[in-house]
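Examining the three-dimensional arrangement
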Amino acid sequence: MHLLVITDLEGVCGVDSFSQTRTGREQRKGPAMDQLAREVNACIEGIHSAKPKATVDVWDGHGSGGLRESDVGDARYLEGGRPYFEMDGYDAMLFVGQHAMAGSPHAPLCHTYSSLSIDYYKLNGTFVGEFACRALLAGLQGVPTIFLSGDDKATLEARQFVPEIETAVTKRGTGRESADHRDREEVCAAIRDGVAVAIERLDEIPPYSGLEPPYTLEVRYYEPYNVSKIDRIAGWIRKYLPIAGDLVPVSKGVTRIDARTIRITADDLLDTDSGLYHRL
Ligand SMILES: [Zn+2]
């Protein structure tokens, strides 16, 4: 059995301020990273308690880095890339430390990809965050997402898309930067137990494929600047089209809706030539 664990920093226990996750200086992020390491290792232990011979890959999904390779126990640490686009050989995907999508009420540190620039993502008319996008990409490749740990709003969001998923709650969100936290040891135990149940129930949890092709992603930014930047890049690409064919995919299928909104269409989410590929 081969499993992929996707990690993030904002959903772990004890973290409820962007000052604990955003800074590039590790001494500020240190305590959050220590807790993510505990929760990731609890997940790996849960997997091995159910399937001792399982192979586990762990990917750090936090943009500025949230997980130290040296902290990861009995698993392979994946450096960079976006492994959820290449799920060949994996039996299931799991999330640890996940937060809710941008705009979720009382959801601590909620955001969608960039906490600084993105107001929302809407895929085929449905608001989506990192969970739904990645679960869908894995699902389209036939791989189920069987577990998520994070704040209570993130676990609710996961169950909206995958009702059968196993979850473990790390804290109860009371605002965008406030939460009531569970006991750390209790959280690790809940993750260990929840993951073991998820592995046992793997066959009962279907791959998520609830949003069907063709795809339209609407991206709304906080500031107009982001769209004009995209326009500038698109203009530059058009200008150099004959000699820079490999740059075309960045803007393929992208339409400007207004100063803060773009819409991107694609027939296949896994098509690496589509403009959508670059935003998931
Ligand atoms: Zn994230």
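A few points on the structure. (Residues numbered from 1 in each chain as written. Predicted model: local features only at pLDDT ≥ 70, side-chain atom pairs only at ≥ 80, totals over all residues.)

Quick word on the sheet that holds strand 7 (residues 145-150)
In spatial order, the strands read 3-2-1-4-7-8; together these six strands make up an open sheet with parallel pairing. Looking at the sheet topology across the chains shown, the edges are occupied by strand 3 (76-78) and strand 8 (166-169). The average undirected angle you get between the axes of adjacent strands in this sheet is 20°. Where strand 4 (residues 92-98) lies against strand 7, four bridges are found, and the strand directions are parallel. If you follow Leu94 over to strand 7, its bridge partner there is Phe147. Helix 4 (residues 184-200) rests against strand 4, strand 7 and strand 8 of the sheet, and its axis sits at about 180° to strand 8. (Pairing = 2+ DSSP bridges. Helix = DSSP H or I, 4+ residues; strand = E, 2+ residues; numbered from the N terminus. Axes fitted to C-alpha atoms, helices over the stretch in contact; angles between N-to-C directions. Contact = placed C-beta atoms within 7 Å.)

Focus on the pairing of strand 2 (residues 55-60)
One ladder, built from six bridges, connects strand 1 (residues 2-7) with strand 2; its direction is parallel. Each residue of the ladder has a partner; that of Leu3, found in strand 2, is Val56. The sheet contact formed by strand 2 and strand 3 spans three bridges and is parallel. Among the inter-strand pairings, Val58 is bridged to a residue of strand 3, identified as Tyr77.

Structural notes on the sheet that holds strand 5 (residues 118-123)
With respect to topology, five strands assemble into an open sheet ordered 6-5-11-13-12, the strand pairing being antiparallel. At either end of the open sheet lies a strand with only one pairing partner, and these are strand 6 (126-128) and strand 12 (254-258). With strand direction ignored, the average angle separating the axes of adjacent strands in the sheet is 30°.

What about the nonpolar core?
Ranked by size, the top nonpolar core spans 77 residues in total, and within it Val5, Val40, Cys43, Met93, Leu94 and Val195 carry the most contacts. Two domains share this core, each providing at least three of its residues, namely domain 1 (2-112 + 127-204) and domain 2 (215-279). Setting aside its immediate chain neighbours within four residues, Leu94 contacts Leu3, Val5, Cys43, Ile146, Phe147, Val195 and Ala198. (Core = buried A, V, L, I, M, F, W, Y, C linked by C-beta atoms within 7 Å. Buried ≥ 20, exposed ≤ 12 C-beta atoms within 10 Å, placed from the backbone. Domains from an automatic or database assignment.)

Some thoughts on the environment of Val96
Mapping Val96 onto the fold places it in strand 4. Along the backbone, Val96 and Cys43 are 53 residues apart, and their C-alpha atoms lie at a distance of 7.7 Å.

Quick word on helix 3 (residues 152-161)
Every buried residue of helix 3 is listed here: Asp152, Lys153, Ala154, Thr155, Glu157 and Ala158. At its buried positions, helix 3 is contacted by strand 4, helix 2 (130-140), strand 7, strand 8 and strand 9 (171-175).

Some remarks on the pairing of strand 10 (residues 178-181)
Where strand 9 lies against strand 10, four bridges are found, and the strand directions are antiparallel. Bridging from a neighbouring strand, Gly173 pairs with Ala179 of strand 10. Two successive antiparallel strands, strand 9 and strand 10, enclose a turn made up of two residues.

Some thoughts on unusual backbone geometry
Going from Pro213 to Pro214, the amide bond is cis rather than trans, its omega being 0°. Position of Pro214 among the secondary structure elements: in the loop between helix 4 and strand 11 (215-221). The phi angle at His106 is positive, at roughly 55°, despite the residue not being glycine. The topology assignment puts His106 in the loop between strand 4 and strand 5. The class of His106 is partly exposed, set by 16 C-beta atoms lying within 10 Å. In the Ramachandran plot, Leu109 falls in the positive-phi region, its phi being about 55° despite a non-glycine side chain. Residue position: Leu109 is located in the loop between strand 4 and strand 5. The buried category is assigned to Leu109, around which 26 C-beta atoms lie within 10 Å.

On their own, these measurements won't tell you what the molecule is for.
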